[in-house]
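In case you want the letters, here they are:
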There are 4 protein chains.
Amino acid sequence: MSTHSNIASIKTGRSASALTPPHKPDHPLTSRSYKATQTVVDINGVTVGGKDIAVMAGPCSIESEEQIIRIAHEIKAAGATILRGGAFKPRTSPYDFQGLGEEGLEYLKAASIETGLPTITEVIDIQDVELIVEYADCIQIGSRNMQNYPLLREVGKTRKPVLLKRGLSATYSEFLLAAEYIMAGGNERVILCERGIRGISTDLRFTLDLNAVPYLKERTHLPVIVDPSHGTGAASLVPAMSRAAIACGADGLIIEAHYSPTESISDASQTISTATLAQVMKELSKVALAVGRRVTLPK
Amino acid sequence: MSTHSNIASIKTGRSASALTPPHKPDHPLTSRSYKATQTVVDINGVTVGGKDIAVMAGPCSIESEEQIIRIAHEIKAAGATILRGGAFKPRTSPYDFQGLGEEGLEYLKAASIETGLPTITEVIDIQDVELIVEYADCIQIGSRNMQNYPLLREVGKTRKPVLLKRGLSATYSEFLLAAEYIMAGGNERVILCERGIRGISTDLRFTLDLNAVPYLKERTHLPVIVDPSHGTGAASLVPAMSRAAIACGADGLIIEAHYSPTESISDASQTISTATLAQVMKELSKVALAVGRRVTLPK
Amino acid sequence: MSTHSNIASIKTGRSASALTPPHKPDHPLTSRSYKATQTVVDINGVTVGGKDIAVMAGPCSIESEEQIIRIAHEIKAAGATILRGGAFKPRTSPYDFQGLGEEGLEYLKAASIETGLPTITEVIDIQDVELIVEYADCIQIGSRNMQNYPLLREVGKTRKPVLLKRGLSATYSEFLLAAEYIMAGGNERVILCERGIRGISTDLRFTLDLNAVPYLKERTHLPVIVDPSHGTGAASLVPAMSRAAIACGADGLIIEAHYSPTESISDASQTISTATLAQVMKELSKVALAVGRRVTLPK
Amino acid sequence: MSTHSNIASIKTGRSASALTPPHKPDHPLTSRSYKATQTVVDINGVTVGGKDIAVMAGPCSIESEEQIIRIAHEIKAAGATILRGGAFKPRTSPYDFQGLGEEGLEYLKAASIETGLPTITEVIDIQDVELIVEYADCIQIGSRNMQNYPLLREVGKTRKPVLLKRGLSATYSEFLLAAEYIMAGGNERVILCERGIRGISTDLRFTLDLNAVPYLKERTHLPVIVDPSHGTGAASLVPAMSRAAIACGADGLIIEAHYSPTESISDASQTISTATLAQVMKELSKVALAVGRRVTLPK
């Protein structure tokens, strides 16, 4: 990959003179014209963007050490390869559970050590980036923060993989430009994640927009994964939409799973059981094969 | 299937007294509680809703006898099983080409006789229903007419299969209730078609909403197919979204295809070539197999 | 105004050769370049598009002769100048009340004779156009039928004023092109009506889009009115949004009003009382004055 | 107003036990049941929420000391009472002008001293809050940051007035809950601002949603203002939509104005000239009077 040292001069709010973008397209660093080959992001040994489909799974919120360790074992047995779990939760209401914070990160780390699974967790505060870099293998930027530019710049300074979720009403172009903020800081390990948009739907919480997958893959070299849990808000649709995501070219999935979804503190209605996850993984292995990709199931 | 003669009393605008719906759900006749088994609609020998994936293909507009016959041969060779072609075109502007009318229907019929493919074509005027019933094997109600109740009632009086497309901003419930208008007339041969909604997208013409597939299939016994051509408005996305549609459970597809898409009078940007269609069919046969369905390719 | 006999050749689906639009813009007949001066539509003595603000009011559905006559008297006393009432109701479900039909039209006519108010009522079936022309002074095309082209053409053949409501997800351009279908038939007495779009809102039934008013008035010579009842779906918002509509340049309003809103068979939650209407009319008279328009209150 | 010291225990991510909200509604502190009387926020002598309509005006970006001082004089002469100007700009692309930063704040302060106008400017980085508190009289939280919870909490710790803009696809409930984050920190000087949502519109950049004004004012005691510049993205619609905003009950406006809009570095197409602003203010004074509010024009 070419270096882009001239990008270091990205505008930081100190001069009115316009910067000429270093490459032609509106989203130079994320574009196929900057880098024709597919980017493969390595998350502590698990690749995203290569032949293997990456499946991240786990609870919405880390609730206790026992909970996250048990779930880690179960999603690993199901065939998932990366453990997700929220320690800092962005909640619509200030009165809802906001996550266990650093305590949660410790539990996540413990589950990772116990199972060997790499981990991903969300950052919502610029001041927590360093902490999360210490504990987790991949940093998640949630939908609400897709245009939180100081946060994008901060994770752009790290060399950790970053999962960037699409904003609820972001166009594809805005999504790519948000990724550009991270890459412009020198961190090229960015994974894009479609997670549902706010549409006309009143029947579902969100409208998972799978069109984003082939659209983005035409335009960017970055891996694209899909979140069918938030994307639909409905556990019963997760298996079908997971299969569809892989069929249209997604490089992976991030799925909310729990041994007992109804016990989840948050997102219970969109969380599937780890038993269902095991079934989904079997279906995905067939669909992956049909489209020239691979899901390796545990023996 | 149970009969529903009590439905014949559907309100026709002549009395203020409220009719008690004959069954409990809001959409009684289309619901799974009315009929638990999957409805299979037979279009002149080709089934929609069974194990076989039904692929309808053809040009947006029928332009000449040569054009539709040539396309019919080519889509048949590619593996599609039903021929689509518009004779009456609902156009946003009155100054755009409105279709060949009955002349087009004659060409469509000729192509059907020549290739043995059953046909589908759109009706936009209540006064043309009889004509279309005579010439085609399946009547299409387009998005703009999803809530054209007199038209729904009129096709409900026929015993022809009806393909009902979802309105551009229709909720799933409204979509099912539109189908209810047709079934309430006694015509139970209804196929639902997701064709893209108007969303936040400015990057694409429409947002194909595949969530509709598993959502509807949970609630209704009617077959559900997908239109990736109108749904995305972009030919390059059609292959990927076709695969995704089958992977999430769609019973079929309706695809705009032409031997030379750029020559199409209408919808050129979303029409794939018949050569691409042949490639798509091969991919679909693999995906269908992966999800327990079947696409039979010609030898 | 220039005649446009060359428009008579509007395409009716019989030839593939493209018709050159007679004027440059995409929506030639509705554009300001076709006619620079404001069109004033006369509905049996009440003008829409001139200095006077036209207020159409009445029940969603005509329920009985007593009901519509009583409401007619009350909305007249409040200061409204045109009586609205539905006889043919387009209902999402076939099991909901569909209107009294011709019986309702008779009651509407009786109320008109009794009070001297001109009337407006919706047509949903092409076969009812003649009937409605006989009974009412203005034909309403509802949102669901904004792109029902045969119906647009049919009312385009009459010389009755037509109120065309914007579709739930129609762009402004599509709205103007729908009006073009009517005008192309030779009927230039078209009034546009903004009635709320389907948006992200889950708090309200629809999103009244007042931006449509100044946007359309820049581009077209046709009068533009606003329906705050359907536009918001909430009676409590009707007074404020009515004032706003006039303030941004609307030529009138169409408001659902009933002496006892909770008794309405349909649309109860968005119907204001005739007592509230009287209060709204007083407020409107002040706002109208502030923007150089006029609302004349009864003494 | 009652104190709410029990709110200090707002959850900060350190415990899994759910906090009982101190009041009944979902958005306790912002609700009318918490405080029945209208909140009036004082921005250095100019009130928002009282009888007087507050008009904030100025350029999108502060470009130079001369520019902001000249604009300050001109908007004051037009009748605006608060000066707006961006020093830290949240830009979709990292390659676009990001604002002058602290240098811009100095120019804004200079313009304030010269004209006596209080000022408002946007904060996008939690680390700049202190700086902005020092230089400006009101802190703006932009749409992209409506759910940037650490930033909301940070401005909640200050005692400066905060203008909170609605997110591009935020429901009214989510908007109120975002304000709740600020108030929960003890800062009750919050002003809500409707600024346009992302809708079906392709004709306009955004859809200004004036329904938000009466809806919010029913539910909250906080002042509500409107941004017709971003809300429409079209300078020609600003006068009409400004009048409509006041007519439906808005407590003020925030308008992008420049002596020469086409020279603006950013947002040129939605910026009105200061000459137009003077005309708008005259129109607003009449509409304000019509609805029992007041705009005092300079002599």
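Residues numbered from 1 in each chain as written. Chains lettered and ligands numbered in written order. Predicted model: local features only at pLDDT ≥ 70, side-chain atom pairs only at ≥ 80, totals over all residues. Heavy atoms only, no water.

Draft legend 1. Seen up close, the pairing of strand β6 (residues 138–141) of chain A. Residues and elements named next belong to chain A. Neither face of β6 is open: one carries Cys138 and Gln140, the other Ile139 and Ile141, and all of them are buried. Where strand β5 (residues 119–122) lies against β6, three bridges are found, and the strand directions are parallel. From the neighbouring strand, Thr121 faces β6, where its bridge partner is Ile139. In this fold, the crossover linking β5 to β6 by way of helix α3 (residues 129–135) has right-handed handedness. Pairing geometry for β6 and strand β7 (residues 162–165), over three bridges, is parallel. (Buried < 20%, exposed > 50% of the residue type's maximum accessible area, 1.4 Å probe, protein only. Helix = DSSP H or I, 4+ residues; strand = E, 2+ residues; numbered from the N terminus. Pairing = 2+ DSSP bridges. Right-handed = clockwise from strand over helix to strand, strands pointing away.)

Draft legend 2. The side chain of Ser112(A), seen in detail. Position of Ser112(A) among the secondary structure elements: in helix α2 (residues 102–115). Non-local contacts of Ser112(A), meaning those with residues more than four positions away in its chain, are made with Leu117(A), Pro118(A), Thr119(A) and Asp137(A). (Contact = heavy atoms within 4.5 Å.)

Draft legend 3. Quick look at the packing of helix α8 (residues 238–247) of chain C against helix α9 (residues 274–290) of chain C. Residues and elements named next belong to chain C. The N-to-C vectors of α8 and α9 enclose an angle of 25°; their axes lie 9 Å apart at closest approach. Comparing their axes, α9 and α8 come out roughly parallel. The two elements α8 and α9 meet at a crossing, and its hand is right-handed. Taken together, the residues of α9 that come into contact with α8 (itself represented by Pro239, Ser242, Arg243, Ile246 and Ala247) are Thr276, Val280, Glu283, Leu284, Val287 and Ala288. Class assignment of the residues belonging to the contact of α8 with α9 gives a composition of seven nonpolar, two polar and two charged. (Axes fitted to C-alpha atoms, helices over the stretch in contact; angles between N-to-C directions. Parallel < 35°, antiparallel > 145°, perpendicular 65-115°, else oblique. Left-handed = near helix turned anticlockwise from the far one by under 90°. Nonpolar A, V, L, I, M, F, W, Y, C, P; charged D, E, K, R; others polar.)

Draft legend 4. Fine view of empty space enclosed by the protein. In total, this model carries four cavities of 30 Å³ or more according to the counting rule given. Volume-wise, the largest cavity comes out at about 350 Å³. Surrounding the largest cavity, 21 residues form its lining, Ser143(B), Leu168(B), Ser169(B), Leu168(C) and Ser169(C) being those nearest its centre. For the lining of the largest cavity, a count of residues per class yields six nonpolar, nine polar and six charged. (1 Å grid on protein atoms, 1.4 Å probe; cavity = no way out; pocket = protein on both sides within 12 Å on 5 of 7 lines; lining within 4 Å. Points joined across faces, edges and corners; volume = space filled by probe spheres on them.)

Draft legend 5. Region of the structure containing a negative patch on the surface. All names here are of chain A. A cluster of acidic side chains, namely Glu65, Glu66, Glu102, Glu103, Glu106, Glu114, Glu130 and Glu134, defines a negative patch on the protein surface. Of all the secondary structure elements, the ones that give two or more residues to the negative patch are α1 (65–78), α2 and α3. Looking at the negative patch element by element, the count peaks at four residues for α2. Mapped onto the secondary structure, Glu106 falls in helix α2. Take Glu106: its relative accessible area is 39%, and that puts it in the partly exposed class. (Patch = residues over 30% accessible without salt bridge, like charges linked within 9 Å, V, L, I, M, F, W, Y side chains within 5 Å. Areas by Shrake-Rupley, 256 points an atom, 1.4 Å probe, with all protein chains shown as cover. Salt bridge = Lys/Arg side-chain N within 4 Å of Asp/Glu carboxyl O. Lys, Arg positive; Asp, Glu negative; His and termini not counted. Charge placed at Lys NZ, Arg CZ, Asp CG, Glu CD.)

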